[in-house]
Amino acid sequence: MMPLTPSPKAILNSLCKEFLSVNVSAILYLMNYEKYGRSTASAQYFLQLAGYLGIPVIAWNADNSGLERRASQSSLQLQLAPSLEHQTAAMLSILERYKWHQFSIVTSQIAGHDDFIQAVRERITEMQDRFKFTILNAVLYTKASDLVTLVNSESRVMLLYCTREEAIHILNHARELKITGENYVWVAAQSVIATGTPPTQFPVGMLGVHFDTSSTSLVTEITTAIKVYAYGVEDFVNDPRNANLSLNTKLSCEGAGLGDSRWETGDRFYKYLRNVSVENDMGKPNVEFTADGVLKAAELKIMNLRPGNNKQMMVWEEIGVWKSWEGEGLDIKDIVWPGNSHTPPQGVPEKFHLKITFLEEPPYVQLAPPDPVTVKCNMNRGVLCRVAREQDVAEMDQFSAHRNSSFYQCCSGFCIDLLEKFAEELGFTYELVRVEDGKWGTFENGRWNGLVADLINRKTDMVMTSLMINSEREGVVDFTVPFMETGIAIAVAKRTGIISPTAFLEPFDTASWMLVGVVAIQAATFTIFLFEWLSPAGFDMKVKVATANRCLEGVLSADGLVVLQVTPAANHRFSLFRTYWLVWAVLFQAAVHVDSPRGFTSKFMTNMWAMFAVVFLAIYTANLAAFMITREEFHEFTGVDDSRLSKPYSHKPMFKFGTTPYSHTDSTIKRYFVEMHAYMRNFNRTSVQEGIAAVNSGELDAFIYDGTVLDYLVAQDEDCRLLTVGSWYAKTGYGLAFSRNSKYVQMFNKRLLDFRENGDLERLRRYWMTGTCKPGKQEHKTSDPLALEQFLSAFLLLMSGVLLAAILLFFEHIYFKYIRVKCAKTDQGGCCALLSLSMGKSLTFRGAVFEAQDILRHHRCKDPICDTNLWKTRHELDLTRLRVLQLERSLDAHGIKPPARHINAPHAGVLMHHRDMTRNHVFTNEFGSRCYRPDEREVQEMETVL
């Protein structure tokens, strides 16, 4: 052990000559000196030099016990004295015992003051699972004004770390600021208590932590230090791995060549010293060290400053012991508390009373009548609040007033729950009063009204409701930080619309429909028809004309002869239009009669078209359901600055919209949208609920108000017909409002930030902003019967078809009246039949006759009565023909020759014989085929039938 001199040069010379010259392997640094000043810096310098040289230090220094955190970073030090961590743990144990959750830290510029604050923070982190602490302030004292922060703080418990002399000045100034009274507790560290008589500036009831620094204790610690060194040397020497190592340092300060500048074995030897375990007194654990060289088990005394036997003298009296190795750790006897009280302070500010003004607005503040029996508010109904004027309530007794719902009601909501948390944390009582004029606070006719006016006139201490922060209000009152963000939003209602008239076309876009209608259908039609035309087994016109049997059709020429013509086979039933009919029937899977092609190629192409139709219909049907549903329509405004709102007269018809007068929304629109404000004045509503009801009923197209309030009301709509549209305008927030320069602003700000950080605000928001609108109710509504307008598109499609059919009927009459005659003269070869068989047959009467004959030829009766009637009819027809023949012969007998019925053919010599009316009306032509030829009268009869 060596005395230290304040000169750095002397310290270095002493280290070189008195320590290094004798090859020391460890330094025992023990002292009970508690005078903080230059000696502190000297000790720190000496310990750092030892660390640079690699020499382990076994220390027990009362005044430098706070330096081990810093010294351990560059030195090899073992600290036998209770560390700074032990002191902070003991101080926080006192706070935990008396349930003091919040406190402040006051330090001077004493060596290790940063380490003290850091140690407190680390200990709080370790204890956060079982006890929650909050550091309200950390004051570094340099002048008296630094303590003013504590005056405005909620802190009533202070942890003090400084020298004894500095503590005298700090506590003297604290007494002047009245923060050492019976409601304030000061807990001091070892450096403040020290030894000797306590100064008179120290307040009664002060607490502190202390360990024995007497000479007797010092001698005991010297013995412990020697044991630590001896056990370390023994362990080092007994380790076979150290056989080639020596504890001879061989260090020199004279330069290179005379010795090493750092003992390399020192780090290794330090580990053996740190791992020793030395027996301690009875009942105490062995002396052991942590990885940082700090004592594992420490014991500290809890001291209490109280009057001594001489009432004028103050003494530090031991009232308990803190033991780090015990679970509870703290054992305290009776304490004399500040102000000579025998009960501990609350550790929080004393209760104060606030008059709080509000204005109801769900979900922030909502009103409900109290219980008629108990005249109290249930748990879910909040707290009792006055809604009548003070002079009206003063005329009645309190019990009667509480029973009258026009005087008192129950207030609940987001703001009330938040107010309850404030009251619990800050410890105040309050009275809730509704603003008398029922206005939010706007500047009208040169003066403020509503909530803001009450604050300006100091009729209330605080406004707690959904009061929006804006620049005008901030100019006359003080706001806290916002507890909820908001802006001006728009609420509209959904309207059940009809299905779009073109809903059946919407599964595909225009390009897809054009591709199907213009390309796919046309390509398939012409391809099938072309393949049928070119197929050998199909309708090849060239082959059929050359090889097919033809009937000789007689047409009377100008010279009275019948001219023969060759036409396409009458039994062919395929044309371009019928190809279109086939393609459309296959595409829509219509159950109608169609004529199939004959050729194999055209049949294959028809099957390919059928495969395309299957895929097309599957896709179309799957997507059609999504479009054939009722659509909900609403006015999708982009925001308050939407031209349909900001310039209401520019849109026809004009929209009906409004807000509530004398609100933030109303004043904002009045300032920035003058025309809009003047227009909507006729549609304003006195309350938000009225405005929402007007939107729901259709009286208003939109309602403009605070975004969060509208979101809540939209969520409360059971029919889910309401929604907010557009972006928020003039974004701001809700804040607590106070009179100018109110002393409460800072404490409420502090708590609001804490609530936001720990999630309390978010939990309140989720609880109160949740609505009852549930998708399940909408699903139930979809099972209601469909109204006519919900499938109007089907009727529109049918009506369009009827109109198109009427137009086609008109064109059909035009064709038969004007166009058919011209086509009959020009279409001698029957080419129109290729386009449409019906059209080709309509051009010649022969075609119509052949069709009628075909019908008659293939007619079969289904019962005997029909056969009998048919035989009778044919018999009557034969008799009629015989009678006609007799009449012709009578005419011939009287010299009247009936006109001969002949047919003239291009081949001369062809004679047409008269028909035998008793036989079938057939004859054999030159090609060998039997053809039926009706006479002119028979043709007329058939025409009548057709």
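Residues numbered from 1 in each chain as written. Predicted model: local features only at pLDDT ≥ 70, side-chain atom pairs only at ≥ 80, totals over all residues. Heavy atoms only, no water.

1. Points about the nonpolar core
In plain terms, the rule: Among the buried residues, those of types Ala, Val, Leu, Ile, Met, Phe, Trp, Tyr and Cys that are joined through side-chain atoms within 4.5 Å form a nonpolar core. Whether a residue is buried, partly exposed or exposed follows from its accessible area with a 1.4 Å probe, protein chains only, as a fraction of its type maximum: under 20%, in between, or over 50%, in that order. Per the convention used, a helix needs a DSSP run of H or I reaching at least four residues, while a strand needs a run of E reaching at least two, with both numbered from the N terminus. Residue ranges assigned to the domains are those given by an automatic or database domain assignment. The contact definition used throughout considers only heavy atoms, calling two residues in contact when any of these lie within 4.5 Å.
Within the largest apolar cluster, 81 residues are counted, with the highest numbers of intra-cluster contacts made by Leu-95, Phe-103 and Leu-159. No other element matches helix H4 (residues 84–97), which puts seven residues into this core. When residues are assigned to domains, this core turns out to be shared by domain 1 (8–81 + 215–252 + 261–289) and domain 2 (84–211 + 300–332), each giving three or more. Once residues lying within four places of it in the same chain are set aside, the contact partners of Phe-103 are Leu-92, Leu-95, Val-120, Ile-124, Phe-133, Thr-134, Ile-135, Leu-136, Asn-137, Ser-155, Val-157 and Leu-159. Formed by 69 residues, the second largest nonpolar core is a distinct cluster that contains Leu-359, Val-714, Leu-736 and Met-747.

2. Quick word on the packing of aromatic side chains
The following threshold applies: Pairing of aromatic side chains here covers Phe, Tyr and the six-membered ring of Trp, requires ring centres within 6.5 Å, and sorts the geometry by plane angle: under 30 degrees stacked, over 60 edge-to-face, intermediate tilted. Two conditions define a charge sitting above a ring: the NZ of Lys or the CZ of Arg must be within 6 Å of the ring centre, and it must be within 35 degrees of the ring normal.
Evaluation of the coordinates by the stated rule reveals 41 aromatic pairs. Summarising the aromatic geometry, the rings of Phe-236 and Phe-269 are spaced 5.7 Å apart at their centres and angled 80° between planes, so their arrangement reads as edge-to-face. Note that Phe-236 is positioned in helix H9 (residues 215–238) and Phe-269 in helix H10 (residues 265–274), a separation of 33 residues in sequence. Summarising the burial analysis for this pair, Phe-236 and Phe-269 share the class buried. What links up through ring pairs into an aromatic cluster is the set Phe-352, Phe-422, Phe-428, Tyr-430, Phe-738, Tyr-744, Phe-748 and Phe-755. The cationic tip of Lys-421 hangs over the ring face of Phe-755; the distance from NZ or CZ to the ring centre is 5.3 Å. Positioned above the aromatic ring of Tyr-662 is the side chain of Lys-439, whose terminal nitrogen or guanidinium carbon lies 4.1 Å from the ring centre.

3. Some points on helix H19 (residues 600–627)
Note the cut-off: Expected span, for any helix, means 1.5 Å times one less than how many residues it has.
Here H19 spans 40 Å end to end across 28 residues, near enough to the 40 Å set by a 1.5 Å rise per residue. Among all positions of H19, only Ser-602, Thr-606, Trp-609, Ala-613, Phe-616, Leu-617 and Tyr-620 are buried. Buried residues in H19 make contact with helix H16 (510–534) and helix H18 (576–587).

4. Here's the deal with the pairing of strand S27 (residues 702–706)
Here is the rule: A pair of strands is labelled paired if DSSP reports no fewer than 2 bridges between them.
The buried count for S27 comes to five of five residues, which makes it a mostly enclosed element. Pairing of strand S21 (residues 484–493) with S27, which is carried by four bridges, proceeds in the antiparallel orientation. Residue pairing across strands places Ala-489 opposite Tyr-705, the latter belonging to S27. In the sheet, strand S26 (residues 657–658) pairs with S27 via two bridges, with the strands oriented parallel. Across the sheet, residue Gly-658 finds its bridge partner in S27, namely Phe-703.

5. Some remarks on the pattern of salt bridges
Filter applied, for reference: Within this document, salt bridges are pairs made up of a side-chain nitrogen of Lys or Arg and a carboxyl oxygen of Asp or Glu, the two lying within 4 Å of each other.
A full pass over the atoms with the stated rule returns 23 salt bridges. Across the pair Arg-241 and Asp-239 runs a salt bridge whose closest N-O atoms are separated by 2.8 Å. Overall, the relative accessible area of 12% leaves Asp-239 in the buried class. Its salt-bridge partner being Arg-881, residue Asp-878 comes within 3.9 Å of it at the nearest N-O pair. Of this pair, Asp-878 and Arg-881 both sit in helix H32 (residues 864–893), three residues apart, which is roughly one turn of the helix. Among the residues examined, Asp-878 registers a relative accessible area of 31% and is labelled partly exposed. Overlapping salt bridges bring together Glu-154, Glu-425, Arg-751 and Asp-754 as one network.

6. Topic: the UniProt feature "transmembrane region" (unreviewed entry) in the protein
The condition is simple: UniProt positions are given in the numbering used here, feature names are shortened, and annotations may be inferred rather than shown by experiment.
Look at the UniProt record and you will see "transmembrane region" (unreviewed entry) annotated at residues 513–534, 608–629 and 791–811. The span residues 513–534 is 100% helix and 0% strand, and its two end C-alpha atoms sit 30 Å from each other.

7. Topic: the confidence of the model for the protein
Stated formally: Per residue, pLDDT captures the predictor's confidence, and it can take any value from 0 to 100.
On average, the protein scores 79 in pLDDT, and the residues at 70 or more come to 78%. Confidence drops under a pLDDT of 50 for residues 775–784, and excluding neighbours within four residues, the segment shows six contacts in the predicted structure. Low pLDDT, under 50, characterises residues 902–934; the stretch is placed with 53 contacts to residues that sit more than four places away or in other chains.

8. Concerning the side chain of Thr-486
Stated precisely, the cut-off is as follows: The term polar contact refers here to a pair of N or O atoms within 3.5 Å; inside protein, the definition further demands a hydrogen-donor-capable atom paired with an acceptor-capable atom, and it admits residues adjacent in sequence only when both atoms are side-chain atoms.
Its location among the elements puts Thr-486 in strand S21. At 3.4 Å, the side chain of Thr-486 forms a polar contact with the backbone nitrogen of Gly-707. Excluding anything up to four places from it in sequence, Thr-486 contacts Met-468, Asp-706, Gly-707, Thr-708, Trp-728, Lys-731, Thr-732, Gly-733 and Tyr-734.

9. Comments concerning the sheet that holds strand S7 (residues 185–188)
The test is simple: Only the stretch in contact is used when a helix axis is fitted, and all axes are lines through C-alpha atoms; the angle between N-to-C directions ranges over 0 to 180 degrees.
Strand order in the open sheet formed by eight strands is S5-S4-S6-S7-S8-S9-S10-S11, and the pairing between neighbours is mixed. The open sheet has two edge strands with one neighbour each: strand S5 (134–140) and strand S11 (330–332). For this sheet, the mean angle separating the axes of adjacent strands, direction not counted, is 25°. The sheet contact formed by S7 and strand S8 (residues 207–210) spans two bridges and is parallel. Note that in S8 the partner of Ala-188 across the bridge is Gly-208. Contacts between H4 and the sheet are confined to strand S4 (102–107), strand S6 (157–161), S7, S8, strand S9 (299–307), strand S10 (314–323) and S11, with S6 contributing the most and set at about 165° to the helix.

10. Regarding the environment of Val-481
Along the polypeptide, Val-481 turns up in the loop between strand S20 (478–479) and S21. Through-space distance from the C-alpha of Val-481 to that of Leu-753 is 8.0 Å; in sequence the pair is 272 residues apart. Each residue touching Val-481, except ones within four places of it in the same chain, is listed here: Tyr-734, Gly-735, Asn-749, Leu-752 and Leu-753.

11. Description of H16
Definition in use: Bend, in this description, refers to the angle at a residue between axes fitted to the seven residues ending there and the seven starting there.
Taking 1.5 Å as the rise per residue, H16 with 25 residues should run 36 Å; its terminal C-alpha atoms sit 35 Å apart, in good agreement. Along its length, H16 reaches its greatest deviation from straightness, about 30°, at Val-516. Buried residues of H16: Val-516, Ala-520, Ile-521, Ala-524, Thr-525, Ile-528, Phe-529 and Glu-532, and no others.

12. Some thoughts on the packing of H16 against H19
Inclusion rule: The labels follow the angle: roughly parallel below 35 degrees, roughly antiparallel above 145, roughly perpendicular from 65 to 115, and oblique for the rest. By definition, any crossing whose near helix is turned counterclockwise from its far helix by less than a right angle is left-handed, and any crossing with a clockwise turn is right-handed. Gly is put with the polar residues, along with every residue not named as nonpolar or charged; the nonpolar set is Ala, Val, Leu, Ile, Met, Phe, Trp, Tyr, Cys and Pro, and the charged set is Asp, Glu, Lys and Arg.
Two elements in contact, H16 and H19, have axes separated by 8 Å at closest approach and are oriented at 160°. Taken together, the axis directions place H16 and H19 in an arrangement best described as roughly antiparallel. You can see that H16 and H19 cross each other, and the crossing is left-handed. Between H16 and H19, the contacting residues are Trp-513, Val-516, Ala-520, Ile-521, Ala-524, Thr-527, Ile-528, Phe-531 and Glu-532 on the first element and Thr-601, Ser-602, Met-605, Thr-606, Trp-609, Phe-612, Phe-616 and Tyr-620 on the second. Its residues placed into classes, the contact of H16 with H19 shows twelve nonpolar, four polar and one charged.

13. Re the state of the cysteines
Defined as follows: To count as a disulfide, a pair of cysteine sulfur atoms needs to be within 2.5 Å.
By the definition in use, this model includes two disulfides. Through a disulfide, Cys-377 is tied to Cys-410; the S-S separation comes to 2.0 Å. Between Cys-377 and Cys-410, the S-S dihedral sits near -100°, and the bridge is therefore left-handed. Placement of Cys-377 in the loop between strand S13 (366–368) and strand S14 (383–386) and of Cys-410 in strand S15 (residues 408–412) is noted, with a sequence separation of 33 residues between them. An identical accessibility class is assigned to Cys-377 and Cys-410; each is buried. Note that Cys-385 is cross-linked by a disulfide to Cys-411, the S-S spacing being 1.9 Å. Note on the Cys-385 and Cys-411 pair: the S-S dihedral is about 85°, so by sign convention the disulfide is right-handed.

14. Some points on the pairing of S7
A regular strand places its side chains so that they alternate between the two faces of the sheet. So the rule is basically this: Classification remark: right-handed applies to a crossover when, strands pointing away from the viewer, the course from the first strand over the helix to the second runs clockwise.
Residues of S7 alternate between two faces, with Val-185 and Val-187 on one and Trp-186 and Ala-188 on the opposite face, all of them buried. Two elements, S6 and S7, share four bridges in a ladder whose sense is parallel. Bridged to Met-158 within S7 is Trp-186. Crossover S6 to S7 through helix H7 (residues 164–176) is right-handed.

15. Notes on the environment of Pro-648
Mapped onto the fold, Pro-648 is located in the loop between helix H20 (643–646) and S26. For the pair Pro-648 and Met-680, spaced 32 residues apart in sequence, the C-alpha to C-alpha distance is 8.8 Å. The contacts of Pro-648, once residues within four sequence positions are left out, are Ser-643, Met-654, Phe-657, Glu-675, Met-676 and Tyr-679.

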